[in-house]
Structures are given as C-alpha cells and as structure tokens.
Amino acid sequence: MSDFNRQKIVSSVPQKGFFGHPKGLFTLFFTEFWERFSYYGMKAILLYYMYYEVTKGGLGLDQTTALSIVSIYGSLVYMSGIIGGWLADRIFGTSRAVFYGGILIMLGHIALAIPGNITFFFVSMVLIVLGTGLLKPNVSSVVGEIYSEEDSRRDSGFSIFYMGINLGGFISPLVVGAVQSHYGFHLGFACAAVGMFIGLLVFLLTKKKNLGLAGTIVANPLSPSEKKKVFSIIGLAVVIIAILVAIAIPTGYLTFKSFIALIGILGFLIPTIYFVVMYRSPKTTKVERSRIIAYIPLFLAAVMFWAIQEQGSTILANYADKRTQLDFAGIHISPAWFQSANPLFIIIFAPVFAWLWLKLGKRQPSIPKKFSLGLLFAGLSFLVILLPAYFGGANSLVNPLWLVLSYFIVVIGELCLSPVGLSATTKLAPVAFSAQTMSLWFLSNAAAQALNAQIVKFYTPATEMVYFGVIGGISILLGVILLIVSPVIQKYMKGVH
C-alpha cells in the first residue's frame with residue numbers, strides 16, 4: 001500500500017472516541033468480540049454434540065473420531081487464514097473480507113442450529129472454516145490501518161483489541177454451555193449464530209462513520225487479466241477436487257482416517273515450503289537467512305506448545321465431561337464452562353506479564369528462554385492432571401479445581417510464549433516476507449492441531465495416565481533442550497533480542 005493511500009486512510013478516521021483511541025477501534029473491538037463469542041461458544045459444545053448419543057441430541061459419533069475431527073477443524077481454521085489474507089490483499093480488501101467472513105460464519109452456525117444430520121454438520125464446518133479464514137486475520141489488519149505508523153497508541157490499541165477477543169472467549173462458553181444444558185445443542189448453536197449476527201450488525205452500522213477508508217483499499221490488486229487467469233485456475237481446481245472427491249468417497253479412498261492423515265501431512269508440509277521458499281529467495285539477505293535458521297526451533301517449540309494448549313478443547317473438554325465432579329459447592333457445572341478458564345486467566349495475567357517484562361528490562365530472559373519456559377509450563381499442566389487419578393484411582397471423579405489448575409498452568413506458559421512469538425516473528429522475518437512470516441507463525445497452531453488429530457487416538461480411560469505423562473514429559477524435555485541450546489539460537493538471531 002502506498003504512503004499516500006495509508007495517509008488518506010489514517011486521516012479519514014476520527015482520532016479519538018474509544019478509550020482515547022480512534023472510533024474505529026470500537027467497531028473492530030465489538031466485531032471481533034462477537035465473532036469470538038460465536039466461535040468459542042460453538043467450540044465449547046462441539047465435541048459433546050459429536051459424541052453424545054442421538055437420544056441426548058448429539059450425532060452419536062465415535063469419541064475418538066470426534067476428538068480427531070475437532071483437531072482437524074481447528075487446523076483448517078488456521079490454514080484458511082492464508083487464503084483469507086491473499087483474497088483481501090489481491091481482490092476485495094480487508095473490510096469486505098471481514099464482512100463476507102462474518103456472513104459465512106453466521107450461516108455455518110445456523111446450519112448447526114437446524115436439527116438435522118451429519119450432512120448439516122459438515123456443511124457448517126466448511127462455512128465456518130472459510131468464514132473464519134476471511135474474518136480473523138483481516139480484522140486484525142484493519143486495526144493496524146486505523147493508526148499511523150508513528151502513533152504511540154498503536155500497541156495499546158492492539159492490547160485493547162486483544163482484550164475483546166478474550167472477553168468474547170470468556171463469556172461465550174458460560175452462556176452457550178448454560179443454554180445447551182437446559183435447552184439442547186441446537187439452541188446453543190443458535191446463540192453462536194446470534195452472536196455473529198450482532199457482530200455483523202455492529203460492523204455494518206458503524207464502519208462508514210468510524211473506519212472511513214480503512215480496509216477498503218486493496219493493497220496489491222490483481223489486474224483484469226490476472227483476475228481472469230486466477231478465477232479460471234480456482235474454477236478448474238474446484239472442479240478437479242469435486243471430481244476426485246466424487247470418485248474417492250465411493251471407492252473408499254477418502255475416509256475420515258485418510259482425510260485426517262492428509263491434513264496431518266499438510267500441517268507440516270505447508271510451513272516447510274514456507275521456510276524453504278524464504279530461505280532460498282534472492283530477496284533474503286545473509287543476515288535474514290541466519291534469522292530464519294534461528295526461527296525454526298522456535299517454530300517447532302510453538303508446535304509442541306500449541307499441541308498441548310489446544311487439547312484444552314478436546315482431551316480436557318472430554319475429561320471435564322466424563323472424569324470431573326460437575327456438582328460442586330451446591331452448583332451443577334456445565335462441562336463447557338471450563339472453556340472460559342483460559343481467556344479468563346489471560347485477561348487477569350496478561351497485564352502482569354507485560355509489567356514484569358517491562359520491569360526486568362534488559363534482565364528479562366531471551367526469546368528462546370521464554371519459549372523454553374512456555375514448554376516447561378505446558379508439560380507441567382499435563383503432569384498436574386495425572387495427580388488426581390494417581391491418588392484417587394482411574395475410575396474416581398476428579399475435583400474440578402484440578403482441571404482449573406491445569407488450565408491456569410498452561411496459560412502461564414502461553415503468556416511466556418504466545419505474545420513473545422508474535423513479537424519475535426516480526427523481528428526475525430525477512431523484509432520481503434514480513435506478512436507471510438506472520439502467516440507462518442499462525443501455521444504453528446495449524447500444525448499442532450494436525451498433530452493432535454493423530455495423537456488423540458491414543459487417549460482412552462485405560463491409557464489416560466500414560467497419555468498425559470508421555471506428552472507432558474516430552475514437552476518438559478524439549479523445554480530443557482531448548483534452554484540448553486538457547487545461546488546458539490541467540491547467536492543465529494543476529495542482534496535480535
């Protein structure tokens with residue numbers, strides 16, 4: 001985007017109006033708040049909907065299959081962000097991408113809210129994956145556009161925006177979980193659809209006044225001839241994929257198992273291609289190549305971390321449903337409510353960590369050491385969940401505070417690794433690939449969930465202690481190794497601290 005266009009965008013937006021920030025932040029805060037409300041509310045009950053018996057309102061799928069599908073779904077959501085970013089940059093701009101994405105997400109939730117069969121379920125998953133891929137990366141980009149690069153409020157604005165994400169993630173499992181417990185799954189999903197509808201309404205009614213030109217200018221538009229070529233390729237690809245699917249399903253080549261395996265391969269193949277292309281590009285300097293080498297172990301550490309953190313909505317969600325005392329202190333707890341623990345702890349402790357790193361200044365741990373702390377806490381969160389079964393037996397119901405403690409410990413790890421990872425990505429990225437390297441960071445989560453789709457198959461009540469012990473132990477071991485080699489990684493970072 002040219003400096004002239006950026007100046008037009010920034011100057012067209014009122015400079016104050018939402019906690020001392022541009023009014024556009026109000027629009028984006030509440031759009032993302034309601035989008036996250038819909039997403040995390042739906043995800044809080046999705047696993048239960050899949051494996052609960054039909055008589056209880058569910059689909060009656062095998063539990064292991066359900067666990068794998070949720071992981072694959074999460075992986076595809078993060079992969080689709082690459083497509084959403086490209087479409088916004090080359091075809092219709094970030095503002096339209098947010099709007100189109102919101103519509104697809106809402107339609108996906110409506111499909112889940114209609115009592116039907118597994119066909120409705122898969123249609124909804126496709127709609128939500130595509131919609132989230134359009135909305136999530138682009139709404140963050142618009143936040144950046146409402147500030148000039150010299151505006152000192154920029155980081156603070158992103159912090160407020162991040163708070164909106166976590167507030168939506170905190171409230172939605174409480175609301176949707178309560179509705180599902182009393183009125184069934186489909187009304188729970190309807191709540192998620194209403195949430196996205198409100199988000200779209202906020203965006204439509206306030207964007208013209210609050211956002212001005214932000215998000216309307218296509219950064220790197222395709223020429224008419226390029227558009228024709230791209231649309232032809234997309235159309236041809238859709239037809240080929242449709243034909244292959246039509247042949248593969250009846251012949252038994254495309255099954256749940258083979259599709260899960262395919263996504264597992266793509267989860268690691270796509271980031272590998274990214275690394276190779278960036279490293280070999282003539283636009284990448286010698287110093288930048290060294291930094292790419294330093295980024296690889298950080299990326300792999302992030303994959304290990306997210307593999308544990310994302311099991312909060314699969315394995316630990318199942319644990320909450322089947323292994324936890326849900327009648328506690330005179331209250332009946334919906335298992336979906338545990339999904340609120342992660343965003344709640346982030347809201348409480350993110351400012352504490354921001355203050356801590358500021359206070360430590362130059363004495364704070366290096367980036368690789370913070371990553372190793374993230375892995376150590378992630379591993380510890382899985383080892384903690386071993387203790388109640390070890391002391392009370394594999395068949396006893398566990399005090400819910402053990403589960404809350406596990407979520408708390410992994411959040412401490414997340415605050416050591418996730419914000420630091422975003423910052424490190426911007427610092428270590430080659431100049432020619434700055435935006436794509438940010439996509440690469442999000443692919444660490446896609447790879448983690450693709451990996452989870454394979455490893456959740458090994459979880460059963462009989463293997464519970466081994467499962468948590470082995471994965472937690474591997475994470476701690478990798479954390480220790482990363483701590484030992486951190487000086488070497490630091491050397492390859494070439495001045496980035």
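Residues numbered from 1 in each chain as written. Predicted model: local features only at pLDDT ≥ 70, side-chain atom pairs only at ≥ 80, totals over all residues. Heavy atoms only, no water.

Threshold: UniProt positions are given in the numbering used here, feature names are shortened, and annotations may be inferred rather than shown by experiment.
An unreviewed UniProt entry lists the protein chain under the name Peptide MFS transporter, with Heyndrickxia sporothermodurans as the source organism. As its UniProt record puts it under Sequence similarities (unreviewed entry), the protein chain is described as follows: "Belongs to the major facilitator superfamily. Proton-dependent oligopeptide transporter (POT/PTR) (TC 2.A.17) family."

### A look at the overall build of the protein chain
As a reminder, the rule being used: Helical segments are the DSSP runs of H or I of at least four residues, strand segments are the runs of E of at least two, and each set is numbered from the N terminus. Radius of gyration means the value over C-alpha atoms here, while the globule rule gives 2.2 Å times the residue count to the 0.38 power. Residue burial is assigned from relative accessible area. The probe radius is 1.4 Å, only protein chains are included, and a residue is buried under 20% of its type maximum, exposed over 50%, and partly exposed in between. Residue contacts follow a heavy-atom distance rule, with two residues in contact if any of their heavy atoms lie within 4.5 Å. All accessible areas in this document rest on Shrake-Rupley with a 1.4 Å probe, and a residue is counted as covered only by the protein chains that are shown.
The number of helices and strands found in the protein chain is 16 helices and 2 strands. Relative to its length of 497 residues, the protein chain is compact, with a C-alpha radius of gyration of 23 Å against a globular reference of 23 Å. In terms of overall dimensions, the protein chain has C-alpha extents of about 65 × 55 × 50 Å along its principal axes. When each of the 497 residues of the protein chain is scored for burial, the buried share is 51%. A separation of at least 24 residues holds for 82% of the contacts in the protein chain among residues at least 6 apart in sequence. With an accessible surface of roughly 22500 Å², the protein chain has 71% of that area assigned to carbon and sulfur atoms.

### Topic: the confidence of the model for the protein chain
Rules: Every residue is assigned a pLDDT by the predictor, reflecting its confidence on a scale from 0 to 100.
In this model, the protein chain carries an average pLDDT of 85, and 91% of its residues clear a pLDDT of 70 or more. Per-element mean pLDDT across the protein chain ranges from 44 in helix α1 (residues 3-11) up to 95 in helix α12 (residues 367-384). Counting contacts from residues 1-14, a segment whose pLDDT is below 50, to residues more than four positions away or on other chains yields 30 contacts.

### Quick look at the layout of surface pockets
Put simply, the rule reads: A cavity here means a set of 1 Å grid points, computed over protein atoms only, where a 1.4 Å probe fits but cannot escape. A pocket is an open set with protein on both sides within 12 Å along at least 5 of 7 lines, and lining residues have an atom within 4 Å of a point. Grid points are joined across faces, edges and corners, and a volume is the space filled by probe spheres set on the points.
Within this model, the second largest pocket holds a volume of roughly 260 Å³. What lines the second largest pocket is a set of 15 residues, among which L174, I333, W337, F338 and V404 lie closest to the centre. If you list the elements that add at least two residues to the lining of the second largest pocket, you get α5 (154-183), α11 (341-360) and α14 (400-428).

### Here's the deal with the packing of helix α9 (residues 286-309) against α12
Our working definition: Helix axes are fitted only over the stretch in contact, all axes being lines through C-alpha atoms; the angle between N-to-C directions runs from 0 to 180 degrees. Any angle that falls under 35 degrees is termed roughly parallel, while one over 145 is termed roughly antiparallel, one within 65 to 115 roughly perpendicular, and all others oblique. If you view the pair so one helix is near and one far, a crossing is left-handed when the near helix is turned anticlockwise from the far one by less than a right angle, and right-handed when it is turned clockwise. Ten residue types, Ala, Val, Leu, Ile, Met, Phe, Trp, Tyr, Cys and Pro, are classed as nonpolar, four, Asp, Glu, Lys and Arg, as charged, and the remainder, Gly among them, as polar.
Running from N to C, α9 and α12 cross one another at 25°; their axes reach a closest spacing of 9 Å. If you check the angle between α9 and α12, you find them roughly parallel. Remark: the crossing between α9 and α12 carries left-handed chirality. Across the interface between the two elements, L298, A301, A302, M304, F305 and I308 from α9 touch I367, P368, F371, G374, L375, A378, G379, S381 and F382 from α12. Split by residue class, the contact of α9 with α12 holds 12 nonpolar, 3 polar and no charged.

### A short note on the packing of α12 against α14
Look at α12 against α14: their axes get within 8 Å of each other, and the N-to-C directions meet at 160°. Accordingly, the angle class assigned to the pair α12 and α14 is roughly antiparallel. In this structure, the crossing between α12 and α14 has a hand that is left-handed. Contact with α12, carried on its side by I367, K370, F371, L373, G374, F377, A378, L380, S381 and V384, involves W402, L405, S406, I409, V410, I412, G413, C416, L417, V420, G421 and A424 of α14 and no other residues of that element. Here the residues of the contact of α12 with α14 are counted per class, giving 16 nonpolar, 5 polar and 1 charged.

### Structural notes on helix α16 (residues 464-492)
Test applied: Take the number of residues in a helix, subtract one, and multiply by 1.5 Å to get its expected span. Bend is the name given here to the angle between axes fitted to two runs of seven residues, the run ending at a residue and the run starting at it.
The end-to-end C-alpha separation of α16 is 40 Å, in line with the 42 Å expected for 29 residues at 1.5 Å each. Where α16 bends most, at V485, the angle is about 55°, and the proline P487 comes one to four residues later. The complete set of buried residues in α16 reads E464, Y467, F468, I471, G472, S475, G479, L482, S486, I489 and Q490. With its phi angle positive at about 50°, K494 sits one or two positions after the end of α16.

### Details of the environment of S124
Take S124: it is sitting in helix α4 (residues 118-145). Considered as a pair, S124 and L107 are 17 residues apart in the sequence and their alpha carbons are 7.3 Å apart. Leave out the neighbours within four places in its chain, and S124 touches G108, A111 and L112.

### Topic: the packing of aromatic side chains
Two numbers describe a pair of aromatic rings. These are the distance of the centres and the angle of the planes. Heads up, the condition is: Ring pairs are drawn from Phe, Tyr and Trp, using the six-membered ring of Trp, whenever the two centres fall within 6.5 Å, and their geometry is named by plane angle: stacked under 30 degrees, edge-to-face over 60, tilted for the rest. Counting as a charge over the ring demands two things of the Lys NZ or Arg CZ atom: a distance within 6 Å of the ring centre and an angle within 35 degrees of the ring normal.
Inspection of every chain in the model, using the stated rule, returns 28 aromatic pairs. Relative to F468, the ring of F382 has its centre 5.0 Å away and its plane inclined at 85°; by these criteria the two rings are edge-to-face. With a gap of 86 residues between them, F382 in helix α12 and F468 in helix α16 connect regions that are remote in the sequence. The pair formed by F382 and F468 is uniform in burial state, with each residue classed as buried. Among the aromatic residues, those joined into a cluster by ring pairs are Y48, Y49, Y51, Y52, F121, F122, F185 and F189. One cation-aromatic arrangement involves K56 over Y52; the distance from NZ or CZ to the ring centre is 5.8 Å. The side chain of R289 reaches across the aromatic face of Y279, ending 5.9 Å from its centre.

### Some words on the side chain of D321
The condition that has to hold: When charges are tallied, Lys and Arg are placed among the positive residues and Asp and Glu among the negative ones, while His and the ends of the chain are skipped. The rule for a salt bridge is simple: a side-chain nitrogen of Lys or Arg has to be within 4 Å of a carboxyl oxygen of Asp or Glu.
On the secondary structure map, D321 appears in helix α10 (residues 315-322). Although D321 is buried, it makes no salt bridge; K322 carries the closest opposite charge, 5.5 Å away. Contacts of D321, omitting those with residues within four sequence positions, involve Y48, Y51, Y52, L326 and P335.

### A word on the nonpolar core
Side chains of a nonpolar character, in soluble globular proteins, are inclined to be buried together. We apply this condition: In this description, a nonpolar core means a group of buried Ala, Val, Leu, Ile, Met, Phe, Trp, Tyr and Cys residues linked to one another through side-chain atoms lying within 4.5 Å.
Formed by 101 residues in total, the largest nonpolar core has its most connected members in F371 and F468. With residues near it in sequence (within four places) discarded, F468 still touches I315, L316, Y319, F382, L383, I385, L386 and Y459. The next biggest cluster of nonpolar side chains, apart from the first, holds 18 residues, and it includes L28, M106, V143 and A214.

### A look at the pattern of salt bridges
Applying the stated rule across the entire model yields 4 salt bridges. A salt bridge links K43 to E310; its shortest N-O distance comes to 3.7 Å. Here K43 is found in helix α2 (residues 24-51), whereas its partner E310 is found in the loop between α9 and α10, with 267 residues between them in sequence. The residues K43 and E310 share a single accessibility class, namely buried.

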